[in-house]
Amino acid sequence: MSDARTAWGIGLTTIAGDGTVLDAWYPQVGLGALPESDTAELETQTGPDERRNVRVELVTLRIDLDAPAASTADAYLRLHALSHLLVRPNEVNLDGIFSHLPIVAWTNAGPMHPADANRLQARMRRDSIQVQGLDKFPRLTDYLQPEGVRIADASRVRLGAHLAPGTTVMHEGFVNFNAGTLGPVMVEGRISQGVVVGANSDIGGGASIMGTLSGGGTVRVSIGERTLLGANAGLGIALGDDCIVEAGLYVTAGSKVVLVDGPKTADGGRRTVKAAELSGENGLLFLRNSVTGAVEARRRTGAGVALNEALHA
C-alpha cells in the first residue's frame, strides 16, 4: 500500500452478543503510515456492557483507500476519513460498504443489535435507554463534531458527510454520506450521496439534489461556488459557478430547456436542448416561463449569491 492512499484509525469497536460488529469509533484517524500511539485511555473504555448485550474492544486498522471495503471496521474508517475532511466525497472507494454495515438499533446509550433491543425492552425502559433509529448509518455527531459547522438537527446528517468549516445545516437540511460541502454553504435542502457543493452556495428550503443511490445511475451531480438552488427546487445536472435555479423548478438531465440567449434556429425560433448539455456551465439562470410553461436558461453576469457572513463565521 502506498502511504499517499492509505488511512489509519485507532479507536473502539462495538460487538453484539452474537458476534455482529455493530460499529467502530476512531477518535484517532489520519492518512499515511500508522503512528505510535498511547491507547491507555481507550483501553479503560473496553469491556462488556450488559445493558446492551455488547462488548467494546480496541481496534487499530490501516486500509487502502482505493480497495473495496473489507469489514465493518474498514467501512467505518472510510466514513470517518470523509467526515474528518481527510478525503473529499468520491475520492475513496466505497464498493461493498453496504454489505459490511449491519442494521443497528441506535440508542442514547450506544449501538445495539435490533434483536437485543426487542428482547431487552423491559430493562431498557428501566434504564431509560431509548432507540432513536434503525439504520445502517449513524448520526455524524455521535462520532465527531466538525470544526466551525452548525447542525440544527443532528439526526439529518449521517456519518460520512463532508462538512467544511462555515457550513450551516438547518433543521430541514439533510446531508448523506459521501456528500457535502467545500466551504461555507447554507443547507436548507437535501444533499444526496455523491453530491459536492462549492463554497458560498445556498441550497434553499426543501430543495433536492439527485444522488446515485436510488436510481442506480452513475452521473455525479455537483454545484459550483456562489450558486443558488431555490426553495423547493430540484437538480439532476451539475451547476457551475454563479448559477441560479428558481424556486420550485426541477431540472433533470432530460428536461427540455429553451436557450433565451445565443443564436436562433433557421426559422427564427429559440434553440431547445436537453439540460444535460448545459451541465457544469457557469453563469446560468434556470426559470420557468410563466406564460408558456417552458423551462428557460438565460445567461447572467456578475457574481451569484452572497451568504450572510455573520451566519457562517
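What you see as residue numbers is a count from 1 along each chain, following the sequence as written. Local features in a predicted model are, by the rule used here, given only for residues with pLDDT of at least 70; side-chain atom pairs are given and counted only at 80 or more, and totals for whole chains, interfaces and linings are based on all residues. For side-chain calculations, the full set of non-hydrogen atoms in the structure is used, while hydrogens and water are omitted.

### Examining the sheet that holds strand 21 (residues 244-245)
Put simply, the rule reads: Here, a strand pair is defined by DSSP locating no fewer than two bridges between the strands. Here a strand is any run of E in DSSP of at least two residues, a helix any run of H or I of at least four, and the numbering for each starts at the N terminus.
Taken in spatial order, the ten strands make up an open sheet running 8-10-13-16-19-21-25-26-23-24, and their pairing is mixed. Only two strands of the sheet have a single partner each, and these edge strands are strand 8 (150-151) and strand 24 (272-274). Across three bridges, strand 23 (residues 256-259) lies against strand 24 in antiparallel orientation. Of the residues in strand 24, the one forming a bridge with V258 is T272.

### Examining the pattern of salt bridges
Here is the rule we go by: Basic side-chain nitrogens of Lys or Arg form a salt bridge, by our definition, when they fall within 4 Å of a carboxyl oxygen of Asp or Glu. With a 1.4 Å probe rolled over the protein chains alone, any residue whose accessible area is under 20% of its type maximum counts as buried; one over 50% counts as exposed, and the rest are partly exposed.
If you walk through the whole model with that rule in mind, you get 13 salt bridges. Across the salt bridge formed by E57 and R55, the nearest N and O atoms sit 2.7 Å from each other. Classification of E57 by relative accessible area gives partly exposed; the value is 32%. In this structure, the salt-bridge partner of R299 is E281, at a minimum N-O distance of 2.6 Å.

### Brief notes about the pairing of strand 4 (residues 54-64)
Across eleven bridges, the pairing between strand 1 (residues 6-16) and strand 4 is antiparallel. Within the sheet, the bridge partner assigned to W8 lies in strand 4 and is R62. Here strand 3 (residues 47-49) pairs with strand 4 via three bridges, running antiparallel. In the sheet register, G47 faces strand 4, and the bridge partner there is V56.

### Re the side chain of R158
Stated precisely, the cut-off is as follows: In what follows, a contact means two residues having at least one pair of non-hydrogen atoms within 4.5 Å.
Tracing the chain through its elements places R158 in the loop between strand 8 and strand 9 (161-162). Those residues in contact with R158, other than ones at most four positions away along the chain, are D135, F137, P138, L140, F174, V175, N176 and F177.

### Some words on the domain arrangement of the protein chain
Selection rule: Domains are outlined according to an automatic or database domain assignment. Joining two parts hides part of their accessible area as seen by a 1.4 Å probe, and the buried area is that hidden amount summed over both.
Segmenting the protein chain into domains produces domain 1 (6-135) and domain 2 (140-311). Here the C-alpha centre of domain 2 lies 32 Å away from the C-alpha centre of domain 1. Contact residues are listed per partner, giving 18 residues for domain 1 and 20 residues for domain 2. Counting the surface lost from both domain 1 and domain 2, the interface buries some 1,600 Å², and carbon and sulfur atoms represent 63% of this. The largest per-residue losses of area from domain 1 upon contact with domain 2 belong to S83, P89 and N90, which jointly make up 34% of the total buried on that side.

### Some details on unusual backbone geometry
In this structure, R226 is a non-glycine residue whose phi angle is positive, near 55 degrees. Non-glycine residue D242 carries a positive phi angle of around 60 degrees. A relative accessible area of 13% means that D242 is categorised as buried.

### As for the UniProt feature "active site" (unreviewed entry) in the protein chain
Here is the rule: UniProt positions are given in the numbering used here, feature names are shortened, and annotations may be inferred rather than shown by experiment.
With numbering aligned to this structure, UniProt lists the feature "active site" (unreviewed entry) at E188. Residue position: E188 is located in the loop between strand 13 (185-187) and strand 14 (190-191). In this structure E188 comes out as partly exposed when scored by relative accessible area, which is 30%. Once residues within four sequence positions are removed from consideration, E188 is found in contact with M170, E172, G173, D202, I203, G204, G205 and G206.

### Overview of the sheet that holds strand 11 (residues 174-175)
Within a sheet, neighbouring strands are paired by backbone hydrogen bonds and run either parallel or antiparallel to one another. As summarised here, the arrangement of the five strands in space is 11-14-17-20-22, forming an open sheet in which the pairing is parallel. This sheet does not close on itself; its edge strands, each paired only once, are strand 11 and strand 22 (250-251).

### Quick word on the nonpolar core
The test is simple: Here, the term nonpolar core denotes a set of buried Ala, Val, Leu, Ile, Met, Phe, Trp, Tyr and Cys residues that are joined through side-chain atoms within 4.5 Å.
Residues I191, I209, V245 and F286 are the most contacted members of the largest nonpolar core, which totals 66 residues. Counting residues per element, this core draws most heavily on helix 2 (residues 72-83), which supplies seven residues. Each of domain 1 (6-135) and domain 2 (140-311) accounts for three or more of the residues forming this core. Setting aside residues up to four positions removed in sequence, I209 forms contacts with R190, I191, S192, V195, V197, I203, V221, I223, L229 and L235. Listed in part, the six residues of the second largest apolar core include A117, L120, M124 and I129.

### Description of the packing of aromatic side chains
Worth spelling out the cut-off: Between 30 and 60 degrees the pair is tilted, below 30 it is stacked and above 60 it is edge-to-face, where a pair is any two Phe, Tyr or Trp rings, Trp via its six-membered ring, whose centres lie within 6.5 Å.
What the rule picks out here adds up to four aromatic pairs. Relative to F137, the ring of F98 has its centre 5.7 Å away and its plane inclined at 70 degrees; by these criteria the two rings are edge-to-face. In this pair, F98 sits in helix 3 (residues 97-100) while F137 sits in the loop between strand 7 (131-135) and strand 8, placing the two residues 39 residues apart along the sequence. Accessibility expressed as a relative area gives 36% for F98, which makes it partly exposed. Ring plane angle 20 degrees and centroid distance 4.4 Å describe the contact between F137 and F177, whose orientation is recorded as stacked. Pair noted here: F137 is in the loop between strand 7 and strand 8 and F177 is in the loop between strand 11 and strand 12 (179-181), with a separation of 40 residues, a long-range link. Just as F137 is buried, F177 falls in that class too. By way of ring pairs, the aromatic residues F98, F137 and F177 are connected into one cluster.

### What to know about helix 2
To be explicit about the condition: Expected helix span is given by 1.5 Å per residue-to-residue step, counting one fewer step than there are residues. We define a polar contact as two N or O atoms separated by no more than 3.5 Å, with the added condition that, inside protein, one atom must be a possible hydrogen donor and the other a possible acceptor, whereas residues neighbouring each other in sequence contribute only through side-chain atom pairs.
An ideal rise of 1.5 Å per residue puts 16 Å on twelve residues; helix 2 measures up with 17 Å between its terminal C-alpha atoms. Of all twelve residues that make up helix 2, twelve are buried, and the element is covered over most of its length. Taken residue by residue, helix 2 has T72, A73, D74, A75, Y76, L77, R78, L79, H80, A81, L82 and S83 as its buried positions. If you follow the buried residues of helix 2, they end up packed against strand 1, strand 2 (21-31), strand 4, helix 3, strand 5 (104-107) and strand 9. The residue sitting at the N-terminus of helix 2 and contributing the capping side-chain oxygen is S71; that oxygen lies 3.1 Å from the backbone nitrogen of D74. Immediately downstream of helix 2, the backbone of L85 shows phi near 65 degrees, a positive value.

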